[in-house]
Protein chains: 2
Amino acid sequence: MGVSSEDAALVGDVLVASDTRGIESHGVARLEGFYVDRIRDGQVDPKATSAIVRESPTALAVDARNGLGHPVSVRTMRRTIEKARDVGMAVSTVRNSNHYGIAGYYAMLAMEADCIGISSTNAGRLAVPTGGRDLMLGTNPFAYAIPANDGDSFVLDMATTTVARGKLEIAKRLGKKLIPGWAVDVDGAMTTDPDAGLEGAVLPLGGFGTETGGHKGFGLGLLSEMLCAVLGGGVLVPDMPPLSGALNGGITSHFFAAIRIDSFRDVADFKADVSRELAAFRTSAPAPGSAGVVIAGDPEAAKSEEQLRNGVSLDPVVVASLARVAEKTGVAPVQSLKS
Amino acid sequence: MGVSSEDAALVGDVLVASDTRGIESHGVARLEGFYVDRIRDGQVDPKATSAIVRESPTALAVDARNGLGHPVSVRTMRRTIEKARDVGMAVSTVRNSNHYGIAGYYAMLAMEADCIGISSTNAGRLAVPTGGRDLMLGTNPFAYAIPANDGDSFVLDMATTTVARGKLEIAKRLGKKLIPGWAVDVDGAMTTDPDAGLEGAVLPLGGFGTETGGHKGFGLGLLSEMLCAVLGGGVLVPDMPPLSGALNGGITSHFFAAIRIDSFRDVADFKADVSRELAAFRTSAPAPGSAGVVIAGDPEAAKSEEQLRNGVSLDPVVVASLARVAEKTGVAPVQSLKS
């Protein structure tokens, strides 16, 4: 597709890490629709080289110039970690970028350097603000990665919407009602009908209205928008192209941060205390009918360990899309893929 | 009570700011029970002087030595902002502290210095983790303050629980059922009964279980615990005294951060874009039955403006508690207080 092999390898690494952690929605399943097709349609520039807009010992503002989201994000997070190692902490922004995959990937890079990692991105509009009916925000995830002993960690990687749009599609496929608080219809009224929700919008974390805290999820989504797009000088919501527009590459913004742990405490003491804290929660009494308290990142870490041993499973639909990608690009499909 | 007049003035400023912003639960209503009585009972040391544990150009780790939470927090946040002005950004922790009032107060201090402000604190255990039944986390709020043009701002100050315990008490007083997702009973089962909820626990933002995202709110609450207590080297959940224990001062930890805006963009451009972004949300179409989209911090800013003009209203119960404080301390009550 005209992408350098170095950049392609970075994209591949993020996508495969996503599948390995069991987050299939953000893995190679996206290769065709989000990356290959968008490059082919001229929405994403495969040869873009990012530019540093502003830099200081603690800060970096990058312009991705409509390149793929993953390579610029990996490089920016690496540079953020280097800065944090030099001066204790650093924050970076990336503007005019594209979909960067799972937020957690970038936050997790910081752990190898004994830093706390943070990442956020804005995303395609599919959610209403609390009290509103216009599509204004994306899933706008935040990820935080904090290392513990022996490779253990606390990795919180969460959309600031209650659910992703994919949950509505699954409910529709299964003929199920939506859970109240997931979605609104096209008028902004709460709905449990999958078709109405898919025509409408998803809701911020906390659900519909303010009674169950929907305004908090909306606040977190807007915070992501402020840190990514506004601080980074990227494309803002009021300047976004119409939702039906065909070409809308380069309108995504990201945010990264790294905090060096030994600015505050010795790393060994810190990691030991993270482990003690996690153990206290993991061994606390389960609620009736619950298998116990699950720490953010634990299911993904277990899945990753299992799949690195036994192979990464892919949905047959995804395998078929990879075959189409091979055909579109003239790359020989990998024969050993078992669907 | 033995508190220096400088420290007492700082406590007073945070409490009055809270009442002025309409957050009565964290204002002078707390003076008697949380501060005066706790000093008198020997839980809080009124003469404590905080100590710097570790310091670098970008970081500050402070030990509050069981002093009042507000003075050490104001001073630490001020120092964090100075550091951010010097080197672009800074993060601070405070351990062995006490209740510090509203998180938003400290985050908002950063705006005057053209910085983004962040604050968090852990708090007394009253919430269960998702899937659990033990009281493990407090309301553990996060506050973020981002300046816009003409004194406008985005101030998100939110507990990571769905509601504070006070909402359950209000429901009980009014004879109302709880909203599903607010609370669990003592066994960790969902309840809508106010008495059962008050005996039990409140739930993380996102409500009961994982279907509506309760695990995300739990993740945010645990993130606060990691950034405040673990990074700060404070008292961890597994080391907390029993909930029924009488003396438990000095077990609270805080987190502060300031990010200098012009590390990334010119401040005027940034503020203009924050204002444009806020305007886009405020003027977006309302959902049926809604008065429109409300930005985090807008109700508090409006209340503050109104009360600074017309006087700050206090509940008669609070006025009575201030009279008791006057009696306990031998300070003459303010006669001009109108209940």
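Throughout, residues of each chain are indexed from 1 in the direction in which the sequence is written. Chains carry letters from A onward and ligands carry numbers from 1 onward, assigned in written order. Reporting of local features is limited, given that this is a predicted model, to residues whose pLDDT is at least 70; pairs of side-chain atoms are given and counted only at 80 or more, and all residues count toward the totals for whole chains, interfaces and linings.

**Details of the overall build of chain A**
A tally of helices and strands in chain A yields 10 helices and 10 strands. Between the two quantities, the radius of gyration covers C-alpha atoms and the globule rule is 2.2 Å times the number of residues to the power 0.38. For 339 residues, the compact-globule formula gives about 20 Å, and the C-alpha radius of gyration of chain A, at 20 Å, lands near that figure. Along the first, second and third principal axes, the C-alpha set of chain A runs to 55 × 55 × 45 Å. Within chain A, the proportion of its 339 residues that are buried is 56%. Contacts in chain A between residues far apart in sequence, at least 24 positions, make up 61% of those at least 6 positions apart. Secondary structure follows DSSP: runs of H or I at least 4 residues long count as helices, runs of E at least 2 residues long count as strands, and numbering of each begins at the N terminus. Remark: C-beta atoms are placed from the backbone, and a residue is labelled buried if 20 or more other C-beta atoms sit within 10 Å of its own, exposed if 12 or fewer do, or partly exposed between those counts. Throughout, a pair of residues is in contact if the C-beta atoms placed from their backbones lie within 7 Å.

**Focus on the nonpolar core**
Core analysis: the biggest nonpolar cluster contains 200 residues, and A145 and F154 of chain A together with A145 and F154 of chain B have the highest contact counts within it. Dropping the residues within four chain positions of it, A145 of chain A is found in contact with G104, A107, M108, A110, M111, I116, G117, S153 and V155 of chain A. We call a set of buried Ala, Val, Leu, Ile, Met, Phe, Trp, Tyr and Cys residues a nonpolar core when their C-beta atoms link them within 7 Å.

**Quick word on the sheet that holds strand β2 (residues 59-63) of chain B**
Residues and elements named next belong to chain B. At least two DSSP bridges between two strands are required for those strands to pair. Strand order in the open sheet formed by seven strands is β1-β2-β3-β10-β4-β5-β6, and the pairing between neighbours is mixed. Strands at the two margins of the open sheet, each flanked by one partner only, are β1 (51-56) and β6 (153-158). On average, each strand axis in the sheet is inclined to that of its neighbour by 10 degrees, with strand direction left out of account. Note: β2 against strand β3 (residues 89-97), five bridges, orientation parallel. Within β3, the position partnered with A59 by the bridge is V91. In the packing of helix α7 (residues 214-232) onto the sheet, contacts are made with β2, β3, β4 (115-121), β5 (142-147) and β10 (252-260), and the angle to β10 comes to roughly 95 degrees. Orientation is described by lines fitted to C-alpha atoms, with helices fitted over the stretch in contact, and by angles between N-to-C directions that extend from 0 to 180 degrees.

**As for the sheet that holds strand β1 (residues 51-56) of chain A**
All names here are of chain A. Ordered in space as β1-β2-β3-β10-β4-β5-β6, the seven strands form an open sheet in which the pairing is mixed. Two strands close off the open sheet at either side, each with one partner strand: β1 and β6 (153-158). Between one strand and the next, the sheet's axes are offset by a mean angle of 10 degrees, whatever the strand orientation. Strand direction decides the pairing type here: strand β5 (residues 142-147) and β6, joined by six bridges, are antiparallel. Paired with A145 across the two strands is V155, which belongs to β6. Taken strand by strand, helix α3 (residues 69-87) contacts β2 (59-63), β3 (89-97), β4 (115-121) and β10 (252-260), and its axis lies near 160 degrees from that of β3. The sheet strands contacting helix α7 (residues 214-232) are β2, β3, β4, β5 and β10, and the helix crosses β10 at an angle near 95 degrees.

**Quick notes on the interface of chain A and chain B**
Residue-level contacts link 72 residues of chain A with 72 residues of chain B. Secondary structure elements with two or more residues in the side of chain A that touches chain B: β1, β2, β3, β5, β6, α7 and α8 (267-282) of chain A. Residue classes in the side of chain A that touches chain B are distributed as 39 nonpolar, 22 polar and 11 charged. Under the convention adopted here, Pro, Cys and the residues Ala, Val, Leu, Ile, Met, Phe, Trp and Tyr are nonpolar, Asp, Glu, Lys and Arg are charged, and Gly plus all remaining residues are polar.

**A short note on helix α2 (residues 31-40) of chain A**
Residues spaced three or four apart along an α-helix face the same direction, because each turn holds 3.6 residues. Residues and elements named next belong to chain A. Buried within α2 we find Y35, V36, R38 and I39. The buried side chains of α2 occupy one side of the element, clustering within an arc of 165 degrees when seen end-on. On its buried side, α2 packs onto α1 (5-20) and α10 (316-329). In this description, the arc belongs to the directions extending from the helix axis to the C-beta atoms.

**Details of the domain arrangement of chain A**
Residue and element names in this part refer to chain A. As far as domains go, chain A holds domain 1 (5-161 + 213-297 + 308-329) and domain 2 (163-202). In this entry, domain limits derive from an automatic or database-based domain assignment. A straight line from the C-alpha centre of domain 1 to that of domain 2 covers 25 Å. When its residues are assigned to classes, the side of domain 1 that touches domain 2 shows five nonpolar, four polar and one charged.

**What to know about unusual backbone geometry**
For N66 of chain A, which is not glycine, the phi dihedral falls at a positive 65 degrees. Within the secondary structure, N66 of chain A is located in the loop between β2 and α3.

**Here we look at the relation of the copies chain A and chain B**
Of the transformation superimposing chain A on chain B, the axial component is 0.0 Å and the angular component is 180 degrees, with the fit at an RMSD of 0.0 Å. This pairing of chains is accounted for by a two-fold axis. Rotation axis and chain A: the residue whose C-alpha lies nearest the axis is G206 of chain A, separated from it by 2.4 Å. Residue by residue, 100% of the interface of chain A is reproduced at the interface of chain B, so both copies engage with the same surface. C-alpha atoms of residues with pLDDT of at least 70 in both copies form the basis for the least-squares superposition of the copies.

**Remarks on α7 of chain A**
Residue and element names in this part refer to chain A. For a helix, the expected span equals 1.5 Å multiplied by the number of residues minus one. Given a rise of 1.5 Å per residue, 19 residues ought to cover 27 Å, and the 26 Å separating the end C-alpha atoms of α7 matches this to within 8%. Bend angle per residue: angle between axes fitted to the 7 residues ending at that residue and the 7 residues starting there. A bend of about 30 degrees at M226 is the largest found in α7. Of the residues one or two after α7, G233 is the one with positive phi, at around 70 degrees.

**What about the packing of α8 of chain A against α7 of chain B?**
Look at α8 of chain A against α7 of chain B: their axes get within 10 Å of each other, and the N-to-C directions meet at 140 degrees. Our classification of the angle between α8 of chain A and α7 of chain B gives oblique. Regarding α8 of chain A and α7 of chain B, the two cross each other, and that crossing is right-handed. Of α7 of chain B, the residues touching α8 of chain A (which contributes F270, D273, V274, E277 and F281 of chain A) are L222, E225, M226, V230 and L231 of chain B. Among the residues making up the contact of α8 of chain A with α7 of chain B, the classes are represented as seven nonpolar, no polar and three charged. Roughly parallel refers to an angle under 35 degrees, roughly antiparallel to one over 145, roughly perpendicular to one between 65 and 115, and oblique to any angle outside these ranges. Each crossing gets its hand from how the near helix is turned against the far one by less than a right angle, where anticlockwise is left-handed and clockwise is right-handed.

**Topic: the pairing of β5 of chain A**
All names here are of chain A. Of all six residues in β5, six are buried, a share of seventy percent or more. Bridge analysis of β4 against β5 gives four bridges, and the strand direction is antiparallel. In the sheet register, G117 faces β5, and the bridge partner there is A145.

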